[in-house]
Amino acid sequence: MQKVRMLNLERQYVSLRDEINAAIEKVLANQHFILGPEVAALETEVANYCQVGHAVGVASGTDALLLALKAAGVGPGDEVIVPAFTFVATADTVSLLGATPVFADIDPVTYTMDVNGLEKLVTPATKAIIAVHLYGQAADIFAIAKFARAHNLVFLGDTAQALGATYAGDPVCSFGDFGCLSFFPSKNLGAYGDGGMIVTKDAEQAAFLRMARAHGSAKKYRSEFLGWNSRLDEIQAAILRVKLPHLDRWNQQRRECAALYREALQEIDEIVLPVTAEGRSHVFHQFTIRVPNRDAVQAALKDMGVETAVHYPVPLHLQPMYQYLGYEKGSLPEAEKAVAEVVSLPIYPDLLPEEIAYVGEALKQVMAKPEMRSRSLATQAG
Ligand SMILES: *Cc1c(COP(=O)(O)O)cnc(C)c1O
């Protein structure tokens, strides 16, 4: 039996080993480990890549959201609109600042925030909105930006999964007041540890963020406000500088993988394939399909050696930690339907066409079983 893993980062490392090892050794030789020349250079390179003026390296994508929300002025008593179907960091960072996330349902086709339901979520306490460019595809940015302007909200982009994607021809990370990037190893541009970055066109906000990541201080041992210790390592920055020039090619390879999947799976009626919306380019951080009987399909694929993952199995409004907010089951129906039906297939730039073909064949066999094609009662009821 063949095995297809969800992700194999070793293949990428092998292809860049000499350059990466040399970059790490350079940092070791310099003995400058925190906020040195590599971080500064990477900040300039990412700012240019995102076509914004400023980039500020931080310890993780989660911290990028946390510090950007702080720069947006979010604090106790404020509300921030976030999609219910995303990684938990999009919302828990709001809560960590003492504010309340207000959950929006999703558009079932793109899995990004449904802009039609936003008006009814606004209250006098609404301060900001976070658009998540989920799976590598932009949310409906123009509509969200218009909504944010109309209600005087700060517009943040959670670009953790979509670095390199475009919307109306411009980089997704260039939109909004802040773009929040993650360099978690599995992301499209991944470090060999944690890392993140905030991009912004606003020089004053960038200066604030540089202080916020270093105990509120611009000058050593002088703290102007309550900040964090959230810094990007020199070694991680050096590794990311080797990888960044390859990102567009890697994203193209991901799109080619997606095209092969599409070809292999299109004749299976019960599978809903990902849709790239008009005017957006997709960087396929995930290739996520919908199937009627998801858990059974996932188990059957596992038996055939195919690893898959569910992004995400619990909508945020029904997470135990948000029980206190009082959301009822059924209150955000599209997010709740998605968590029951989605499954992500292996995708990364070095995934081989043979492996995609094997996954396609496996899915064809699995979906040929009558019990896989009918919606289970549980799914129907949900
Ligand atoms: C990965 C991710 C984050 C958090 O990034 P970390 O670097 O893991 O802290 C936030 N939002 C989304 C949508 C993500 O995928």
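The rules behind the values
Numbering of residues starts from 1 in every chain and runs along the sequence as written. Where local features are concerned, this predicted model is filtered to residues with pLDDT of at least 70; where side-chain atom pairs are given and counted, the filter is 80 or more; whole-chain, interface and lining totals use all residues. Note that the side-chain values use all heavy atoms of the structure and ignore hydrogens as well as water. A strand pair is defined by DSSP finding two or more bridges across the two strands. We count a stretch as a helix when DSSP gives it H or I for four or more residues in a row; a strand needs E for two or more, and each element gets its number in order from the N terminus. Only the contacting stretch of a helix is used when fitting its axis, a line to C-alpha atoms as for every element, and angles between N-to-C directions run 0 to 180 degrees. Residues count as neighbours in contact if any of their non-hydrogen atoms are within 4.5 Å of one another. Ring pairs shown here join Phe, Tyr and Trp side chains whose ring centres sit within 6.5 Å, with only the six-membered ring taken for Trp; geometry is labelled stacked below 30 degrees between planes, edge-to-face above 60, and tilted in between. Partly exposed describes any residue whose relative accessible area lies between the buried limit of under 20% and the exposed limit of over 50%, with all areas from a 1.4 Å probe on protein chains only and scaled to the type maximum. Think of a 1 Å grid over the protein atoms and nothing else: a 1.4 Å probe that fits but is trapped marks a cavity, an open set flanked by protein within 12 Å on at least five of seven lines marks a pocket, and residues with an atom within 4 Å of a point count as lining. Grid points are joined across faces, edges and corners, and a volume is the space filled by probe spheres set on the points. Amino acid classes used here: Ala, Val, Leu, Ile, Met, Phe, Trp, Tyr, Cys and Pro are nonpolar; Asp, Glu, Lys and Arg are charged; the rest, including Gly, are polar. Domain boundaries shown here were taken from an automatic or database domain assignment. A simple way to read buried area is as the amount of 1.4 Å-probe accessible surface that goes missing from two parts once joined, with both sides added. Think of a salt bridge as a Lys or Arg side-chain nitrogen and an Asp or Glu carboxyl oxygen that are within 4 Å of each other. Between N or O atoms, a polar contact is any pair within 3.5 Å; within protein, one atom must be a potential hydrogen donor and the other a potential acceptor, and residues adjacent in sequence are included only when both atoms are from side chains.

Participant: So what's going on with the sheet that holds strand E3 (residues 100–104)? Residues and values would help.
Facilitator: Reading across from one edge, E1-E9-E8-E5-E4-E2-E3 is the order of the seven strands in this open sheet, with mixed pairing throughout. The sheet is open, and its two borders are formed by strand E1 (54–58) and E3, each paired with just one other strand. Neighbour-to-neighbour, the strand axes of the sheet open up by a mean angle of 25 degrees, direction not taken into account. Both strand E4 (residues 126–132) and strand E5 (residues 154–158) contribute to a ladder of five bridges, which runs parallel. Each residue of the ladder has a partner; that of Ile129, found in E5, is Phe155. Its contacts with the sheet place helix H4 (residues 89–96) against strand E2 (79–83), E3, E4 and E5, and it is angled at close to 150 degrees to E3.

Participant: Give a detailed account of the packing of aromatic side chains, specifying residues and quantitative values.
Facilitator: Tallied over the full model, the rule gives 15 aromatic pairs. Ring centres of Phe87 and Tyr312 lie 6.1 Å apart, and the angle between their planes is 40 degrees; on these two criteria the pair is classed as tilted. Residue Phe87 is located in the loop between E2 and H4, and its partner Tyr312 is located in the loop between helix H9 (294–303) and helix H10 (333–341); the two are separated by 225 residues in the primary sequence. Residue classification places Tyr312 among the buried residues on the basis of a relative accessible area of 13%. Taken together, a centroid distance of 4.8 Å and an interplanar angle of 90 degrees make the contact between Phe142 and Tyr167 edge-to-face. Placement of Phe142 in helix H5 (residues 141–150) and of Tyr167 in strand E6 (residues 166–167) is noted, with a sequence separation of 25 residues between them.

Participant: Quick rundown of empty space enclosed by the protein? Include the residues and the values.
Facilitator: Tallying each qualifying case throughout the model produces four cavities of 30 Å³ or more. In this structure, the largest cavity encloses a volume near 90 Å³. When grouped by side-chain class, the residues that make up the lining of the largest cavity number six nonpolar, five polar and four charged. Per-domain counts for the lining of the largest cavity show at least three residues from each of domain 1 (9–245) and domain 2 (247–373). Empty space within the second largest cavity amounts to approximately 50 Å³. What lines the second largest cavity is simply Val109, Thr110, Tyr111, Leu134, Tyr135, Gln137, Pro274, Val275 and His282.

Participant: Just give me the short version of the environment of Asp350, but keep the residues and values in it.
Facilitator: By the element assignment, Asp350 lies in the loop between strand E14 (342–345) and helix H11 (353–368). Asp350 sits in the partly exposed class, given a relative accessible area of 21%. Spatially, the C-alpha atoms of Asp350 and Leu9 are 8.4 Å apart, while their sequence positions differ by 341 residues. Not counting chain neighbours up to four residues away, the residues in contact with Asp350 comprise Arg11 and Gln12.

Participant: Summarise the pairing of strand E8 (residues 178–182); cite the residues concerned and give the values.
Facilitator: Most of E8 sits out of view: five of its five residues are buried. Here E8 shows no split at all, with Phe178, Cys180 and Ser182 on one side and Gly179 and Leu181 on the other all buried. Bridge count between E5 and E8: three bridges; the pairing is parallel. By the bridge assignment for E8, Leu156 is matched with Phe178.

Participant: An account of the domain arrangement of the protein is requested, with residue identities and associated values reported.
Facilitator: Assigned domains within the protein: domain 1 (9–245) and domain 2 (247–373). Computed from C-alpha coordinates alone, the two centres of domain 1 and domain 2 are separated by 25 Å. Each partner contributes residues to the interface: domain 1 has 48 residues there, and domain 2 has 40 residues. Taken over both partners, the interface formed by domain 1 and domain 2 buries close to 3,700 Å², and the fraction arising from carbon and sulfur atoms is 56%. The tally of links from domain 1 across to domain 2 stands at two salt bridges. Measuring nitrogen to oxygen at the nearest pair gives 2.9 Å for the salt bridge that ties Glu355 to Arg11. Applying the counting criterion to the domain 1 and domain 2 interface returns 28 residue pairs in polar contact (both at pLDDT 80 or more). Of all the elements in the fold, those that place two or more residues in the side of domain 1 that touches domain 2 are helix H1 (10–30), H4, E3 and E6.

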